[in-house]
Structures are given as C-alpha cells and as structure tokens.
Amino acid sequence: MHDRAKIVKQGRIWANQTTREVLWQIMKTKVENGVLLITDDTKEIEGRIGISGSTTITGAHMKKSPELGWNALQILLRFQQGTFQYFDYGAHGLGDLDQGLKIRLTQVINVLPDLPMRIDQLAGPNTLNRIRAIDPAQLAEMKKVEESKKKGEETKRKDEEVHGIDQNVMQQIREFESKTMRYRAAAMWGTFVAIALGAGAIVYFHR
C-alpha cells in the first residue's frame, strides 16, 4: 500500500513528542488522504490510522491483531515510545481505513492522553469540551451563520414594525375618510342648492 504514497512527516514518539503532538503536526499538514503508521520500539506492535483532509480520523487497524476502529485507535495513541510515519495518498482513498469513524482530530487532541473506553464518551457531556473539540474554522463559520440569522431576524422584525405602522396609518386614513365623507357630501349639495336658489332669485327679479 505504501508504494503509491509518499512520506510527508516522520519521527519518534517519546516524552517530548507524544502522539498528541504528532496529531497537532498532522493537522497543520494539508493532505487529502493520509495514513499515520505507528510502531512501538519493540517492532511487535504496529498499526495504521486513516485521516481525511488532515482533520478527521476515518479508521484504524492493527497489523498483527484483529483490532480495528476505536479499539485499535486507543492502542496506537497510547504509545509512549515508538516511531511514526505519515503518508500522503493524495486522491487514492484510504481503502480498509475508510471505516466511517468520522472522529475530529481536535476531539482526540482535547482528551489525550486520557482516551475514554467508548467512542460515544469522546466528546463527553460537558458543552465546553464539545466546543473546544470543534475545528476553529468550523467554529468561525458557525458564528457567521448565527450572526447572519440574527441580522435576518432583526431585519424581518423592523420590516414587520414598518409594515405595521403603514397598516395603522392606512386604517386611520380610511376611518377619517369614512367620517368626513358625509360632511363633504352635505357641503357639496348645500353649495349646489344655494347656487340654484341664487340663480332662481335673479331670474325672478328680472321679470
């Protein structure tokens, strides 16, 4: 599998460079599909971790045991002495390491070295921990969406207020017109009658 990949990072795992620091380095490396190979110093324990987009763990597999998925990931990330190699597979995909785990690297980094026993305990019940586990870029995007929604709601509220004012004004105008219509009609007919009477008087006196 390595023959179609190139090594982009490698080094030792020890006290000054734990698996947590290794994952931080991977996050800063732009790789579409990557495989992290971890081997302990005895060469007896070795495994691979699939990572998509340098942000998401997709699966894990042990070389000499049937362990895979979350169980294999726990074993590999608990190594205190060993070596690592990070391979770039480009667009070739991750093969058997595409197990659908979809674990954010930030989630794992946030809890190392104390990984929970079950994957559903990874984020934990604490909301603050879940917020810390969100990728900074994703968190910024979430904030933008929330601000946009708030602005939209504020604009809608103002439009409704203006619309309400317009409706009230129109209602008042209609009521005013309804009240004054009778007076305008009476005044118009009164003027007409006065003109007619005046014209009749003029004709009468000129006879």
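To start, this report covers the structure provided alongside it. (Residues numbered from 1 in each chain as written. Predicted model: local features only at pLDDT ≥ 70, side-chain atom pairs only at ≥ 80, totals over all residues. Heavy atoms only, no water.)

Time to look at the overall build of the protein chain. When you go through the protein chain residue by residue, the secondary structure sums to five helices and six strands. Helices and strands in the protein chain line up, N terminus first, as β-α-β-β-β-α-β-β-α-α-α. The burial tally for the protein chain puts 30% of its 207 residues in the buried class. Within the structure as shown, the protein chain displays about 13,900 Å² of accessible surface, and the carbon and sulfur contribution to it stands at 58%. (Helix = DSSP H or I, 4+ residues; strand = E, 2+ residues; numbered from the N terminus. Buried < 20%, exposed > 50% of the residue type's maximum accessible area, 1.4 Å probe, protein only. Areas by Shrake-Rupley, 256 points an atom, 1.4 Å probe, with all protein chains shown as cover.)

Next up on the list: the sheet that holds strand 1 (residues 6-13). Taking strand neighbours across the sheet as the criterion, the six strands line up as 1-5-2-3-4-6 in an open arrangement whose pairing is antiparallel. Strand pairing shows two members of the sheet lacking a second neighbour, strand 1 and strand 6 (103-104), which therefore form its edges. Across the sheet, helix 2 (residues 69-77) touches strand 2 (33-40), strand 3 (46-52), strand 4 (56-62) and strand 6, and the angle it forms with strand 4 is around 85°. (Pairing = 2+ DSSP bridges. Contact = heavy atoms within 4.5 Å. Axes fitted to C-alpha atoms, helices over the stretch in contact; angles between N-to-C directions.)

Time to look at the layout of surface pockets. Where empty space is left can be seen by rolling a probe of water-molecule size over the atoms. Of the pockets and cavities examined, the largest pocket occupies roughly 170 Å³. Counted by class, the lining of the largest pocket contains six nonpolar, three polar and two charged residues. (1 Å grid on protein atoms, 1.4 Å probe; cavity = no way out; pocket = protein on both sides within 12 Å on 5 of 7 lines; lining within 4 Å. Points joined across faces, edges and corners; volume = space filled by probe spheres on them. Nonpolar A, V, L, I, M, F, W, Y, C, P; charged D, E, K, R; others polar.)

Next up on the list: the environment of G100. Following the sequence through the fold, G100 ends up in the loop between strand 5 (82-88) and strand 6. The spatial distance from the C-alpha of G100 to the C-alpha of T58 is 5.3 Å, given a sequence separation of 42 residues.

So, on to the pairing of strand 3. On a regular strand, each side chain points to the face opposite its neighbour's, so the side chains alternate between the two faces of the sheet. Burial of strand 3 is extensive: six of the seven residues sit out of reach of the surface. Hairpin geometry of strand 2 and strand 3 is characterised by an intervening segment of five residues between the two adjacent antiparallel strands and by a positive phi of about 70° at K43. In this sheet, strand 4 lies alongside strand 3 in antiparallel orientation, the contact comprising six bridges. Paired with S52 across the strands is T56, a residue of strand 4.

We now examine helix 1 (residues 19-27). Among the residues making up helix 1, those that are buried are T19, V22, L23, I26 and M27. For helix 1, the angular spread of the buried residues around the axis is 145°, confining them to a single face. The secondary structure elements touched by the buried residues of helix 1 are strand 1, strand 2, strand 3, helix 2, strand 5 and helix 3 (105-111). (Arc of directions from axis to C-beta.)

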